[in-house]
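Spelled out, the chains give:
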Amino acid sequence: MIEELLPDSVVSVEALGDDAARGARLYPEEEALAVSFVPKRRNEFAAVRGCARQAMEKLGVAPRAISRGDSGAPVWPAGLIGSMTHCEGYCAASLARAGDLASLGIDAEPHQELPEDVIVSVALSTEHVRLRRLAERDPSVHWDRLLFSAKESVYKAWFPLMGQWLDFLEADIDLFEDGGPAPHGVGAGAFAPGDAPARGSLSRGSVSRGPVGGESVRGTPLAGPVTGGPERSGGFRAALLVPGPVVGGHRIQTFDGRWTLRRGLLATAVTVPHAGPGVA
């Protein structure tokens, strides 16, 4: 699911349902981080790290502990970049060699409506207008939840490059569905997968802030796991409303991403090349 959103240089490993926690173990350094976790949180923490270690092996890197830096961001082995995400019944990790990409971010969410008092905290007025238009065109997609997920992926790609907070309202995201109208100035092939931390935990009625970096930390979903439903895919462009990162001597002011909806799950991914779209 995640891997189809990312270029071939990225290795992704994901797990669904009970498979996510089966056989996953923690290294001693990770045990110290998880000592106060409730069992559910501990299982998620172990499962997503199990996915990350499998991705390391696929890249020819010996599996090792994934600790956290002072900001809460995962600390990857030298020469690797990565991102992790987990929600109810699903977890995934995506890793790449630092020479292949400048940064990446992934996020997964249950395909459920975002509470109104949450969406007002994360969406700009311009995004509200576009969300209404998207809902009129295809009401089967929870576009508000998709916007939230896209902002999470943007943040996770942003943080390793900048080392500082990016507010939800500091990125203006334009979503589009495959086969539908793309954002102005974006060609039909701009988001092809072969081209080229967690900000908050979502709970009813609020957007609380958790560890930053490449890992999502989700609270209890608003409802149980969703199965079936529509299947869709598309892309998005995020216009950064604050000065963006400097990559290869050039300032980047837009991030491009892909999204998919499948099996009741929404997934988004952003990759930042060493040079390419969004260069100012």
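Residues numbered from 1 in each chain as written. Predicted model: local features only at pLDDT ≥ 70, side-chain atom pairs only at ≥ 80, totals over all residues. Heavy atoms only, no water.

Structural notes on the overall build of the chain
Piece 1. Within the chain, the secondary structure is distributed over 5 helices and 12 strands.
Piece 2. Among the 280 residues that make up the chain, the fraction classed as buried is 53%.
Piece 3. As presented, the chain carries roughly 11600 Å² of accessible surface, and 52% of it is formed by carbon and sulfur atoms. (Helix = DSSP H or I, 4+ residues; strand = E, 2+ residues; numbered from the N terminus. Buried < 20%, exposed > 50% of the residue type's maximum accessible area, 1.4 Å probe, protein only. Areas by Shrake-Rupley, 256 points an atom, 1.4 Å probe, with all protein chains shown as cover.)

Notes on the pattern of salt bridges
Piece 1. One pass over the full model with this rule turns up 15 salt bridges.
Piece 2. Across the pair Arg262 and Glu4 runs a salt bridge whose closest N-O atoms are separated by 2.6 Å.
Piece 3. Judged by relative accessible area, which is 24%, Arg262 ranks as partly exposed.
Piece 4. For Glu4, a relative accessible area of 30% puts it in the partly exposed group.
Piece 5. Close ionic contact of Asp107 with Lys156 constitutes a salt bridge, the shortest N to O distance being 3.6 Å. Highlighted residues: Asp107 in strand E4 (residues 103-110) and Lys156 in helix H5 (residues 143-162), separated in sequence by 49 residues.
Piece 6. What you see here is one network of salt bridges that share partners, running through Glu30, Arg49 and Arg53. (Salt bridge = Lys/Arg side-chain N within 4 Å of Asp/Glu carboxyl O.)

Looking at the packing of aromatic side chains
Piece 1. All chains considered together, the criterion is met by 5 aromatic pairs.
Piece 2. Between Phe37 and Phe45, the aromatic rings sit 5.2 Å apart at their centres with planes inclined by 75 degrees, giving edge-to-face as the arrangement.
Piece 3. By relative accessible area, Phe45 is classed as buried at 0%.
Piece 4. Aromatic side chains Tyr155 and Trp165 sit 5.3 Å apart centroid to centroid with 55 degrees between the ring planes, which places their arrangement in the tilted category. Taken as a pair, Tyr155 in helix H5 and Trp165 in the loop between H5 and strand E5 (171-177) lie far apart in primary sequence, 10 residues in all.
Piece 5. Pairwise contacts between aromatic rings join Tyr155, Phe159 and Trp165 into one cluster. (Phe/Tyr/Trp six-rings, centres within 6.5 Å; stacked < 30°, edge-to-face > 60°.)

Side note on the pairing of strand E8 (residues 232-240)
Piece 1. As paired strands, E5 and E8 are joined by 7 bridges and run antiparallel to one another. Each bridged residue has a counterpart across the sheet, and for Ile173 the counterpart in E8 is Ala238. (Pairing = 2+ DSSP bridges.)

Points about the pairing of E4
Piece 1. For E4, a buried count of 8 out of 8 residues is recorded, marking the element as mostly surrounded by other parts of the structure.
Piece 2. Of the two faces of E4, the one carrying Ser103, Gly105, Asp107 and Glu109 and the one carrying Leu104, Ile106, Ala108 and Pro110 are both buried.
Piece 3. Summarising the sheet, E4 and strand E12 (residues 265-272) pair through 8 bridges and their orientation is antiparallel. Residue pairing for E12: Glu109 is matched across the bridge by Leu266.

Concerning the nonpolar core
Piece 1. Counting 36 residues, the largest nonpolar core has Trp143, Val154, Ile173, Leu175, Phe236 and Phe255 as the members making the most contacts within it.
Piece 2. Element by element, the count of residues in this core is highest for H5, at 10 residues.
Piece 3. Once residues lying within four places of it in the same chain are set aside, the contact partners of Leu175 are Leu131, Leu134, Trp143, Leu146, Leu147, Ala150, Gly235 and Phe236.
Piece 4. Formed by 18 residues, the second largest nonpolar core is a distinct cluster that contains Leu59, Leu80, Cys91 and Ala93. (Core = buried A, V, L, I, M, F, W, Y, C linked by side-chain atoms within 4.5 Å. Contact = heavy atoms within 4.5 Å.)

Concerning helix H2 (residues 39-58)
Piece 1. Taking 1.5 Å per residue as the helical rise, H2 with its 20 residues ought to reach 28 Å, and the 29 Å between its terminal C-alpha atoms agrees with that figure.
Piece 2. Of the residues flanking the end of H2, it is Gly60, one or two places downstream, whose phi is positive at about 80 degrees. (Expected span 1.5 Å × (residues − 1).)

Focus: the environment of Gly244
Piece 1. Here Gly244 shows up in the loop between E8 and strand E9 (246-247).
Piece 2. Given a relative accessible area of 1%, Gly244 falls into the buried group.
Piece 3. With 10 residues separating them along the chain, Gly244 and Thr254 place their C-alpha atoms 7.9 Å apart.
Piece 4. Apart from the residues lying within four places of it in its own chain, the contact partners of Gly244 are Trp158, Met162, Arg251, Ile252 and Gln253.

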